[in-house]
Amino acid sequence: QVQLVESGGGLVQTGGSLRLSCAASGSTFRINNMGWYRQAPGKQRDFMARITRGGTTTYADSMKGRFTISRDNTKNTVYLQTSVLKPEDTAVYYCNADTYSGASFWGQGTQVTVSS
């Protein structure tokens, strides 16, 4: 099993930035990809970015430019650096981890609220 705990969310003004973190524990050696998703009120959960254990990144087209994913394998932690935040970025941000066997795990989410 893999447990994921997100942190770093909060209230920020338009144009601000936040750095989200997601710490993995448990069978972390099984983890291959780690990623970020977000879900705005009343909307589906959307893929944002993914990073492999080797550091290869993939971004959703709509997320390129203002969001940067990174990973520290020594700390079993994945980060999402956000910048120039807009009110429409308000959402619950979720961390995801996929194992080499195909299992998928989710964190509980962290709320990001961008005020106008």
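**Q** Go over unusual backbone geometry, please, and point to the residues and values.
**A** With a phi close to 50 degrees, N76 is a non-glycine residue in the positive phi region. A positive phi angle, near 45 degrees, is found at V84, a position not held by glycine. With respect to the secondary-structure elements, V84 resides in the loop between β8 (77–82) and β9 (91–99). With a relative accessible area of 47%, V84 lands in the partly exposed category.

**Q** Can you tell me about the side chain of T99, naming the residues and giving the values?
**A** Topologically, T99 is positioned in strand β9. Beyond its immediate chain neighbours, meaning those up to four positions away, T99 contacts R30, I31, N32 and F105.

**Q** So, the side chain of T82: which residues are in play, and what are the values?
**A** With respect to the helices and strands, T82 occurs in strand β8. Separated by 2.8 Å, the side chain of T82 and the backbone oxygen of L18 make a polar contact. Excluding its chain neighbours within four sequence positions, the residues that come into contact with T82 are S17, L18, R66 and F67.

Conventions used here
Residues numbered from 1 in each chain as written. Predicted model: local features only at pLDDT ≥ 70, side-chain atom pairs only at ≥ 80, totals over all residues. Heavy atoms only, no water. Helix = DSSP H or I, 4+ residues; strand = E, 2+ residues; numbered from the N terminus. Buried < 20%, exposed > 50% of the residue type's maximum accessible area, 1.4 Å probe, protein only. Contact = heavy atoms within 4.5 Å. Polar contact = N/O pair within 3.5 Å; in protein donor to acceptor, adjacent residues only side chain to side chain.

Interpretation note: all reported values are geometric properties and have no functional meaning in isolation.
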